[in-house]
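A closer look at the structure
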Amino acid sequence: MTQENQQLMPINTDSDNWENGQRPDPLEVHIRKFLADNSEQAFFLDEIVDHVLENEANSLFLLEEIGGEVGEKTRDLVKTRVAAKLEELNWRQCITWRIVEQDDGGRRTYFSYSDDETISPLSAVHDEFPANFNSIERNLEHLSDDIEDLEYRMYEVEREQH
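Note that the structure is predicted; figures quoted are calculated from it, not measured.

Re the nonpolar core
Ranked by size, the top nonpolar core spans 17 residues in total, and within it Ile31, Leu35, Ile48, Val82 and Leu86 carry the most contacts. For this core, the secondary-structure elements that each account for two or more residues are α3 (26-37), α4 (45-55) and α6 (72-91). Leave out the neighbours within four places in its chain, and Val82 touches Leu27, Ile31, Leu45, Ile48, Val49 and Val52.

Here it is, written out as structure tokens:
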């Protein structure tokens, strides 16, 4: 079996690979899909927020739990979350953005899909460290369990000797 075929094999859900894997962020998946499906266009923040609210808001933000209404405060919360996600996606070079002069003399920031596979070194570190810390934390938990077991055994031995 070639090494390439080994990489394509399923993994066990109790393996370190599975445990250290990242869970996809549904908002990130939706934004990236929306921009990829419309890669010939760029959108400003409110357009992306409108799309999210029209298509995915109930599942992404559990709006049904608060009556399904999208008031100004809810829209502002969603907008803040979308803006933060766009900033992260730009940092990770999954999207691009430009400040564009408007006909009225104003300026507006537009976001578009990027198929650039370059990931900034800082974002690679950001992606890798949590997995490493999770592994270390799990190892410490196992070590703590082993120490507790050893302490109990020592206690039992001392008790038997008296």
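The discussion continues.
So, a nonpolar patch on the surface
A grouping of Ile136, Leu140, Leu143 and Ile147 is seen on the molecular surface, where their side chains present a nonpolar patch of about 370 Å² in accessible area. Looking at the secondary structure, you find Ile147 in helix α7 (residues 121-161).

So, α6
In a regular helix each residue adds 1.5 Å, so 20 residues correspond to 28 Å; α6 covers 28 Å between its end C-alpha atoms and thus fits that length. Once α6 finishes, Gln93 follows within two positions and takes phi at roughly 65°, a positive value.

Section: a negative patch on the surface
There is a patch of like negative charges on the surface, built from Glu137, Glu141, Asp145, Asp146, Glu148 and Glu151. Structurally, the position occupied by Asp146 is in helix α7.

Quick look at the pairing of strand β2 (residues 95-101)
Along any regular strand the residues' side chains alternate between the sheet's two faces. As judged from the seven bridges shared by β2 and strand β3 (residues 107-113), these two strands associate in the antiparallel manner. Bridge pairing in β3 links Ile95 to Tyr113. Hairpin connection of β2 to β3: five residues between the antiparallel strands, including Gly105 at a positive phi of 90°.

Conventions adopted
For every chain, the first residue of the written sequence is number 1, and numbering continues from 1 onward in sequence order. It should be noted that, the model being predicted, local features are given only for residues of pLDDT at least 70 and side-chain atom pairs only at 80 or more, the latter also being counted only at that level, while totals for whole chains, interfaces and linings use all residues. Only hydrogens and water are removed before side-chain values are computed, so all heavy atoms of the structure are retained for them. Residues belong to one nonpolar core when they are buried, are Ala, Val, Leu, Ile, Met, Phe, Trp, Tyr or Cys, and are joined through side-chain atoms within 4.5 Å. Three labels apply to residues, based on accessible area from a 1.4 Å probe with only protein chains included: buried if under 20% of the type maximum, exposed if over 50%, partly exposed otherwise in between. Working definition: helices are DSSP H or I runs of at least four residues, strands are E runs of at least two. Numbering for both runs from the N terminus. Contact criterion: two residues are considered in contact whenever any of their non-hydrogen atoms come within 4.5 Å of each other. Patch construction takes residues with relative accessible area above 30% that form no salt bridge. Like charges are linked within 9 Å, and nonpolar side chains (Val, Leu, Ile, Met, Phe, Trp, Tyr) are linked within 5 Å. To measure how exposed things are, a 1.4 Å probe is used in the Shrake-Rupley method; for residues, cover is taken only from the protein chains shown. The working definition used for a salt bridge is a side-chain nitrogen of Lys or Arg within 4 Å of a carboxyl oxygen of Asp or Glu. Multiplying one less than the number of residues by 1.5 Å gives the expected span of a helix. We count Lys and Arg on the positive side and Asp and Glu on the negative side, and we leave His and both chain ends out. We put the charge of a Lys on NZ, of an Arg on CZ, of an Asp on CG and of a Glu on CD. When DSSP finds two or more bridges between a pair of strands, those strands are recorded as paired.

Interpretation in functional terms is not warranted from these geometric data alone.
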